[in-house]
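The chain contents come next:
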Amino acid sequence: MIFANSDQDFRVEELFNSIGIYELKKVEEQTFDVIMNPDDDKIYIGKFNGNTIICLQDVPLESLDENMSRAEIAMSSTFPNSDIVTFILHSVVNLWGYSIVRKGKKIRVRAGSSEGGTIVEYGKITKEEEELMSQSRLDENGKRVFVIDDLPDEEFADDQVGENFVFNISAKYFGEPLDFSDELFETKFDGYTFSRTKPKI
């Protein structure tokens, strides 16, 4: 997902066009638990706890870089006084990632997977990351490992705790961690099919 910490009014089609999503056709609305990992040809948008949330494939991956993605630029323009946040989780390869843009500037991005380790880390540690980061150290190979308070005899790699970082950051915006937010999972989102090809005029 990519979301703005704002629920201000805006033109959906105009925003979607600015991130490369065209020819929208409305489909049945769905709850978040159904569409948090949407089909390739669908995009969903909804509001929750003062946030405007967009769920779609591929586009959030473009935010996992120290540079601003097209979607982050578009969202920052539409919601100029809002944080623009991207979350990515995929359990098959322990893919995890988050990006935070504030006032049109990327301030933090971290991401990784079980296959690639930590692939990007940029910006200063946020308050929401501090507790977990305080339980980490660099091993003899220079890789970050975590010793969690509840399991002091075990070491965990970044990808094994990546989702915990996402959940901690999500609590700041959603009022509770993503994995505990039953209200979000039951929130209905508007859905659309779309084309990635800009129509000829």
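Please refer to the structure higher up on the page.
My aim in this report is to walk through the structure given alongside it, one point at a time. Since the structure is predicted, the reported quantities are computational estimates derived from the model, not experimental observations.

When helices and strands are counted, the chain shows 6 helices and 12 strands. Taken over the C-alpha trace, the chain has a radius of gyration of 17 Å; the compact-globule value for 201 residues is 17 Å, and the two agree within 12%. Dimensions along the principal axes, computed over C-alpha positions, put the chain at roughly 60 × 35 × 30 Å. The long-range share in the chain, meaning contacts at least 24 apart out of those at least 6 apart in sequence, stands at 59%. For the chain, the exposed area adds up to about 11,000 Å²; of that, 44% sits on carbon and sulfur atoms.

Time to look at the sheet that holds strand 1 (residues 2–4). In space, the 9 strands of this open sheet follow the order 2-12-3-4-1-5-6-7-8, with antiparallel pairing throughout. Edge positions in the sheet fall to strand 2 (22–31) and strand 8 (117–123), since each of these pairs with one other strand and no more. Mean inter-strand twist for the sheet, computed between neighbouring axes without regard to direction, equals 15°. Examined bridge by bridge, strand 6 (residues 95–102) and strand 7 (residues 105–113) share 7 bridges and lie antiparallel to one another. Across the sheet, Ile100 pairs through a bridge with Arg108, a residue of strand 7.

Here we come to the nonpolar core. Ranked by internal contacts, the top residues of the largest apolar core, which has 28 residues, are Met1, Phe3, Phe32, Ile53, Phe87, Phe174 and Leu184. What Phe3 contacts, discounting residues up to four positions off in sequence, is Asn51, Thr52, Ile53, Met75, Asp83, Ile84, Val85, Phe87, Tyr173 and Phe174.

The next subject is the environment of Ser69. Following the sequence through the fold, Ser69 ends up in the loop between strand 4 (51–55) and helix 3 (70–78). Remark: the alpha-carbon pair of Ser69 and Asn164, spanning 95 residues in sequence, is separated by 24 Å. Discounting chain neighbours no more than four positions away, the residues touching Ser69 are Glu62 and Ser63.

The rules behind these values
- Residues numbered from 1 in each chain as written.
- Predicted model: local features only at pLDDT ≥ 70, side-chain atom pairs only at ≥ 80, totals over all residues.
- Heavy atoms only, no water.
- Helix = DSSP H or I, 4+ residues; strand = E, 2+ residues; numbered from the N terminus.
- Rg over C-alpha atoms; globule rule 2.2 N^0.38 Å.
- Contact = heavy atoms within 4.5 Å.
- Areas by Shrake-Rupley, 256 points an atom, 1.4 Å probe, with all protein chains shown as cover.
- Pairing = 2+ DSSP bridges.
- Axes fitted to C-alpha atoms, helices over the stretch in contact; angles between N-to-C directions.
- Core = buried A, V, L, I, M, F, W, Y, C linked by side-chain atoms within 4.5 Å.
- Buried < 20%, exposed > 50% of the residue type's maximum accessible area, 1.4 Å probe, protein only.

That is the geometry; function is a separate question.
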